[in-house]
Structures are given as C-alpha cells and as structure tokens.
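The residues making up each chain are set out below.
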Amino acid sequence: MSNKQMQKRVASMREALFKQGYLDEQFSMLEELEDTDNPNFCEEVVTMFFRDYVRHSNNIDRALAKNPINFEKLEDLMHHFKGSCCSIGAAKVKNEITLFRNHCTNEDAEGVRGTFEQLKKELATLRTKLEAYFQAARQAGPSQTADRPK
C-alpha cells in the first residue's frame, strides 16, 4: 500500500471515529498540538488516559463492592473520570458517565452497575479503535512533508 493510500486509510478511520460518535472535537485539538518536536503527542495523552483508567476503574469497583453503596462517593469518582474523558474527546464514554451519574443521583444500584459494565465495554471498543488508528497513522507517516529549501 502506498503512503498516499495509507494516509487516506488513516483519514477514513479518523472520520469513522467521529461519525460513529466515539470522539469529539477535543480529540482534534489534541492532534493539533502535535508538531515535529512531539509528533505523537495525541497518542501519548490517550495512552496515559487508558493507564489512568485502570486506577479509576479499580476505585469504582471497590466502591461498588461496599454495602451500602456510597452513591455520593461513586458520583465524585465518576466526576473525576469524566474530566479525563473530556480531555481526550471520548464522546460515547462521556455519555455513559452521564447515565452513571444520573443513576447515582437516583440511588439506583442496578442502574449504576449496568451502566458501569456498558462504560467498560465502550472504553474497550474505543481503545481497540484508537490503537488501530494510531498504528495506521504511524505506518502512514506525516501527512504533509516539509518543502525542501531551494
């Protein structure tokens, strides 16, 4: 596959992530911060997000295991996680977080548990899609090359 074809594939993958609602404009802003000194900035931020997610998930799992459930604490934990999701533009995940927090407000334990499981699925899907996107982007290389001095 030629470089131009790879770049078209990457653009198509990116467009699909937006059309399918996985990402929002914050992701575009992260990509705009990339430059020659830090060409993988967006990927690095997303990688840190997923590493941090493990800690958030463990904290939420522990809070869900307690009886009675402290819905206020769960909502607070999820509020912090929502900030992380917003920083990378994880649109579908943010929607699940909103549902989760609504269930916390209503003190709906089953709703919270079900939404948290769906949230985990959305995160796993997003991670898989972004890993494929970043891998294709690395293979394609920069979409624009600098003009050589004459």
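Residue numbers run consecutively from 1 along every chain, following the written order of its sequence. pLDDT decides what is reported in this predicted model: residues at 70 or higher carry local features, side-chain atom pairs at 80 or more are listed and counted, and totals for whole chains, interfaces and linings draw on all residues regardless. Excluded from the side-chain calculation are hydrogens and water; included are all heavy atoms of the structure.

Chemist: What am I meant to see in the packing of aromatic side chains here?
Modeler: For this analysis, a ring pair means two rings from Phe, Tyr or Trp (six-membered ring only for Trp) whose centres lie within 6.5 Å, classed as stacked if their planes differ by under 30 degrees, edge-to-face if by over 60, and tilted for the remaining angles. Inspection of every chain in the model, using the stated rule, returns eight aromatic pairs. Residues F27 and F134 carry aromatic rings whose centres are separated by 6.3 Å and whose planes lie at 40° to one another, so their mutual orientation is tilted. You can see F27 sitting in helix α2 (residues 25-32) and its partner F134 sitting in helix α6 (residues 109-140), a full 107 residues away along the chain. Taken together, the ring pairs connect F18, F27, Y133 and F134 into an aromatic cluster. Here the guanidinium or amino end of K92 rests over the ring plane of Y22, the centre of that ring lying 4.1 Å away. Put simply, DSSP marks the helices as runs of H or I at least four residues long and the strands as runs of E at least two long, and each gets a number from the N terminus on. For a lysine, the NZ atom is tested; for an arginine, the CZ atom; a charge sits over a ring if that atom is within 6 Å of the ring centre and within 35 degrees of the ring normal.

Chemist: What exactly am I supposed to notice about the UniProt feature "modified residue: Phosphohistidine" (unreviewed entry) in the protein here?
Modeler: UniProt positions are given in the numbering used here, feature names are shortened, and annotations may be inferred rather than shown by experiment. As annotated in UniProt, the feature "modified residue: Phosphohistidine" (unreviewed entry) corresponds to H79 in the numbering used here. By secondary structure assignment, the location of H79 is in helix α4 (residues 71-88).

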